[in-house]
Amino acid sequence: MMATIENASSQAKNERIDNNVNLILTGDIMLGGEFPALKDERNLGWEYPFRKVKPLFEETDIIFGNLECPLSRDGPVADKNCILYAPPDSVSALKYLNYNLVSLGNNHINDYGEGGLIKTIEILKNEEILLFGAGRNLKEANREVIIERNGLKICFLGYTTSEEHVQSIIAGQNTAGCVPYDFSKIKYDIDRVRNKSDIISISLHWGFQNYLYPSPQQKELAHKIIDAGAHIIIGHHPHVIQGFERYKHGIIFYSLGNFFFPNFHKKSGIPYKFEWQEENNKSIIARCKISKVKVEEIEILVSFMNMDYQLEILDGKDKEEAILRLGKISKDISMDNYNNFWRTYNRKKTKELLQKRMRQMGIKGCIRQAFSMRSIKHIVKLLITHIKQNIYI
């Protein structure tokens, strides 16, 4: 299988005395929602949300993000309640922040069908932004990206799932979509790229939305992936910051949160505006220094999207509180009786999210949702998933 390889070790900006590579990891990126209308109304540019954080993204070897929307409406709209999209020219925001790599392996990249995904791939390639995790077929979606910087080769592979709590579209032999995160498949891919990579990074679109903690199954899978030879796991999909974990030679970021993800309008029974809460507007920016064998250093920054749709880096008391909370969550994940902790947390969170959703939708929305056959099937599947999570041993 042919890899996508970018070699820039000869570039002047990467000629350093040491053999380290600087890597920035960011979470979910969605450049649509309410922001395009605000941009046009105020005559702003696509760079506007990122002006305050721009200096952080200078002089960095590799910058990664999860692009969670198609940049085209070239295909049929998906039969689902939540449809995401950003205009094609929004790619200039990624260029402004010097992104050279994005994962497309997520549950919204197919929101405008194969046509939308294929056109998005073309747009990114025209801007020389590397991509992985989705493609025109499974073979293309599963193609690794290897970036060489300063003599080190960093490999990226991306996976997601079609399970009910994520609902990604999985690619087929002749159909566009994403790569499923079956462990045997991931292990096979790690073995396949091991001899041509110094560091292997695995991007996973997984977990439960708005959960501050990964499930025990996620933790077990992450450990198995590191044991199989990966060095970095980059998690996204919950739309909130989860903890991170040092495990053996690897580092696991269970969820980096929403890097940039404006409010949007969603259809569930009746259309309603989906507004993120404060915790959804915070995100980890992980700055990593990588050597030939592992991640040597990590600097954790917490960004926040303000009401004006601009990103800021938390400082002072806000930064201290965010880092303390992240530390507590990370410590909880490492506890010996995490399975019992998770069962209690999962029951409480399920009830909380159900009540929150009912408030958002209102009485009319709840009634229409209740009498929707598609919604009944969806609720049954979620209940089955919930039961499985609670009986996990």
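Further up the page is the structure itself.
First, a word on scope: everything that follows refers to the structure included in this document. (Residues numbered from 1 in each chain as written. Predicted model: local features only at pLDDT ≥ 70, side-chain atom pairs only at ≥ 80, totals over all residues. Heavy atoms only, no water.)

**Some words on the packing of aromatic side chains**
Evaluation of the coordinates by the stated rule reveals 25 aromatic pairs. Summarising the aromatic geometry, the rings of F57 and Y99 are spaced 6.1 Å apart at their centres and angled 40 degrees between planes, so their arrangement reads as tilted. Of the two residues, F57 sits in the loop between helix 1 (35-42) and strand 3 (62-67) while Y99 sits in the loop between helix 2 (91-96) and strand 4 (101-103), which places them 42 residues apart along the sequence. Assigned by exposure class, F57 and Y99 land together as buried. Ring geometry for F208 and Y211: centres 5.4 Å apart, planes at 35 degrees, overall tilted. On the basis of relative accessible area, F208 is assigned to the buried category, the value being 12%. (Phe/Tyr/Trp six-rings, centres within 6.5 Å; stacked < 30°, edge-to-face > 60°. Helix = DSSP H or I, 4+ residues; strand = E, 2+ residues; numbered from the N terminus. Buried < 20%, exposed > 50% of the residue type's maximum accessible area, 1.4 Å probe, protein only.)

**Focus on the pairing of strand 10 (residues 199-205)**
Extensive coverage of strand 10 is indicated by the burial of seven of its seven residues. On strand 10, burial covers both faces: I199, S201, S203 and H205 on one face and I200, I202 and L204 on the other are all buried. Across six bridges, strand 8 (residues 152-159) lies against strand 10 in parallel orientation. Looking at the pairing, L157 lines up with I202 of strand 10. (Pairing = 2+ DSSP bridges.)

**A few points about the side chain of R343**
Looking at the secondary structure, you find R343 in helix 8 (residues 338-370). Buried and unpaired, R343 has no salt bridge, with E220 as the nearest side chain of opposite charge at 12 Å. Separated by 2.2 Å, the side chains of R343 and N340 make a polar contact. (Lys, Arg positive; Asp, Glu negative; His and termini not counted. Salt bridge = Lys/Arg side-chain N within 4 Å of Asp/Glu carboxyl O. Polar contact = N/O pair within 3.5 Å; in protein donor to acceptor, adjacent residues only side chain to side chain.)

**Section: a negative patch on the surface**
A cluster of like negative charges, contributed by D315, D318, E320 and E321, occupies part of the molecular surface. D315 sits in the exposed class, given a relative accessible area of 56%. (Patch = residues over 30% accessible without salt bridge, like charges linked within 9 Å, V, L, I, M, F, W, Y side chains within 5 Å. Areas by Shrake-Rupley, 256 points an atom, 1.4 Å probe, with all protein chains shown as cover. Charge placed at Lys NZ, Arg CZ, Asp CG, Glu CD.)

**As for the pattern of salt bridges**
As enumerated under the stated definition, the model contains 21 salt bridges in all. Taking the shortest distance from any N to any O, the salt bridge between D189 and K185 comes out at 3.1 Å. In this pair, D189 and K185 both sit in helix 5 (residues 183-193), four residues apart, roughly one turn of the helix. Its relative accessible area of 0% is what places D189 among the buried residues. Since its relative accessible area comes to 25%, K185 is described here as partly exposed.

**Here we look at helix 3 (residues 113-126)**
The end-to-end C-alpha distance of helix 3 is 20 Å, a good match for the 20 Å that 14 residues give at a rise of 1.5 Å each. Of all the positions in helix 3, only G113, G116, L117, T120, I121, I123 and L124 are classed as buried. Buried positions in helix 3, seen along its axis, are confined to an arc of 165 degrees and lie on one side of it. (Expected span 1.5 Å × (residues − 1). Arc of directions from axis to C-beta.)

**Concerning helix 6 (residues 216-227)**
Over its twelve residues, helix 6 extends 16 Å from the first C-alpha to the last, a length consistent with the 16 Å expected when each residue adds 1.5 Å. Of the positions making up helix 6, those classed as buried are P216, Q218, K219, L221, A222, H223, I225 and I226. Downstream of helix 6 by one or two residues, G229 has phi in the positive range, about 125 degrees.

Remember that the coordinates give geometry; whether it matters functionally is a separate question.
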